[in-house]
Amino acid sequence: MILTLTLNPSIDISYQLDNLKLDTVNRVTNTSKTAGGKGLNVTRVLAEFGEEVVASGFLGGKLGEFIEQQLNNNNIHHSFFKIEGETRNCIAVLHQGQQTEILEQGPTISEDEAYNFEIHLNKLFKDVQAIAMSGSLPKGLNSDYYAKIIQLANDKHIPTVLDSSGQSLMDVLLSETKPTVIKPNIDELSQLLQTKVTPEIESLKEAVNQPIFEGIEWIIVSLGGDGAFAKHNETYYKVNIPTIEVVNPVGSGDSTVAGITSGLVHHDSDKDLLRKANTFGMLNAMESQTGHINLNKFDEIFQKIEVIEV
C-alpha cells in the first residue's frame, strides 16, 4: 500500500468568468469544488493507475467532511486525523486567460494534535510500502515536522518521497534523517543553493552534488519542457520528453510524484521509474482536470520518453 500525506488540504473552488470586475458583483455560471491539495492530486493519480493507496493528513469541520465524501464518491481510501480547526478553502478565479488565486491559510494544529498524528501514522505504517508527502505545512506545526515523519518512516524502513519547498524542505535537508527522493524544479534548486542553476548537465551535476543533498538516494529535478535530470546514488540521467499539447499543467508535478512512488513500490529499473514518472506528469498536462491521467495514452507517451545516462 502507498500512503499519501496532505497535511494542509483544501477544498479547491474554481470560478470561471469572461471578465473579472473589481468593486462590483461578479456572477458565476460554472463552479467546481474538489478535494484539493498536492497530496490528494498524487492520491487520485495513483488510484487511477490501480495502485492500492490511502490518503491521510489533517481534516476538520464541515469542509473536512466534504473532502471525505468526495473521496468516498471516487472510491479512494483515506484515514485522516480529525482536528478542532476547520479545513480551508482555496479559490481560483479564471478570467481573460489569467488565473487569480485566493488561498486561505487554513487551521492551526495544536501540539496535542501534532503529537497524536504521529501516533496515528505509526498505526498506518504497518501496511505501507512507500510514503509520498506533498505540499505546505499548516500553522502550528514546526518547520521540521516533515523531518520527524521521515524519521518515523526510516525507523520502519519505508521509502519516502518528499515534494515540498521553503523552510520545511530545508529543515529536512539539514537534518540527519533523509528522504529517499526529493523532486525540486530547477528554480527551487537555485533557491535552495542560493545560486543560479542552469539546465546544462554540468551545472546540474554540480548542484546535486552539494553537501546539503548528501544521503539522499534520488534527486529528480524537473526542467519543464526540457524534461528532467536525475541523480540516483552515483548515476546521472537526462530525461528527454516528446512535445505534447498542454491543456492544463497544474498538478503535473504531483502526478510525477505519483509515478515516482509507484516506481519505488514496484522496484522499477531506474530508467522505467523515470519514464513512468514523466509519463504521469505529461498525461496530467494533457487533461483539463487537475490530478487526472488518461491511461489509454500511457503506452504511447511512455515509449516516446528517452532516458540516457550522462
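Criteria and thresholds
- Residues numbered from 1 in each chain as written.
- Predicted model: local features only at pLDDT ≥ 70, side-chain atom pairs only at ≥ 80, totals over all residues.
- Heavy atoms only, no water.
- Helix = DSSP H or I, 4+ residues; strand = E, 2+ residues; numbered from the N terminus.
- Rg over C-alpha atoms; globule rule 2.2 N^0.38 Å.
- Buried < 20%, exposed > 50% of the residue type's maximum accessible area, 1.4 Å probe, protein only.
- Contact = heavy atoms within 4.5 Å.
- UniProt positions renumbered as here; feature names shortened; annotations may be inferred.
- Expected span 1.5 Å × (residues − 1).
- Axes fitted to C-alpha atoms, helices over the stretch in contact; angles between N-to-C directions.
- Parallel < 35°, antiparallel > 145°, perpendicular 65-115°, else oblique.
- Nonpolar A, V, L, I, M, F, W, Y, C, P; charged D, E, K, R; others polar.

Turning to the overall build of the chain, a few remarks are in order. Within the chain, the secondary structure is distributed over 10 helices and 15 strands. Taken over the C-alpha trace, the chain has a radius of gyration of 19 Å; the compact-globule value for 310 residues is 19 Å, and the two agree within 12%. For the chain, the spread of C-alpha atoms along the three principal axes comes to 55 × 45 × 40 Å. With 310 residues in all, the chain has 54% of them scored as buried. A separation of at least 24 residues holds for 67% of the contacts in the chain among residues at least 6 apart in sequence.

The positions UniProt marks with the feature "domain: Carbohydrate kinase PfkB" (unreviewed entry) are residues 7–292. With 37% helix and 23% strand, residues 7–292 has end C-alpha atoms that lie 21 Å from one another.

Attention shifts here to helix α8 (residues 252–265). A rise of 1.5 Å per residue sets the reference length of α8, with its 14 residues, at 20 Å; its end C-alpha atoms lie 20 Å apart and thus fit the reference within 8%. Counting buried positions over the 14 residues of α8 gives 13, a clear majority of the element. In the segment just after α8, H267 is the residue with positive phi, at about 55 degrees.

Between helix α4 (residues 145–155) and helix α5 (residues 166–174), whose axes approach to 7 Å, the crossing angle comes to 45 degrees. Comparing their axes, α5 and α4 come out oblique. For the pair formed by α4 and α5, the contact residues are Y146, A147 and I150 on the first element and S168, D171 and V172 on the second. Residues belonging to the contact of α4 with α5 are distributed by class as follows: four nonpolar, one polar and one charged.

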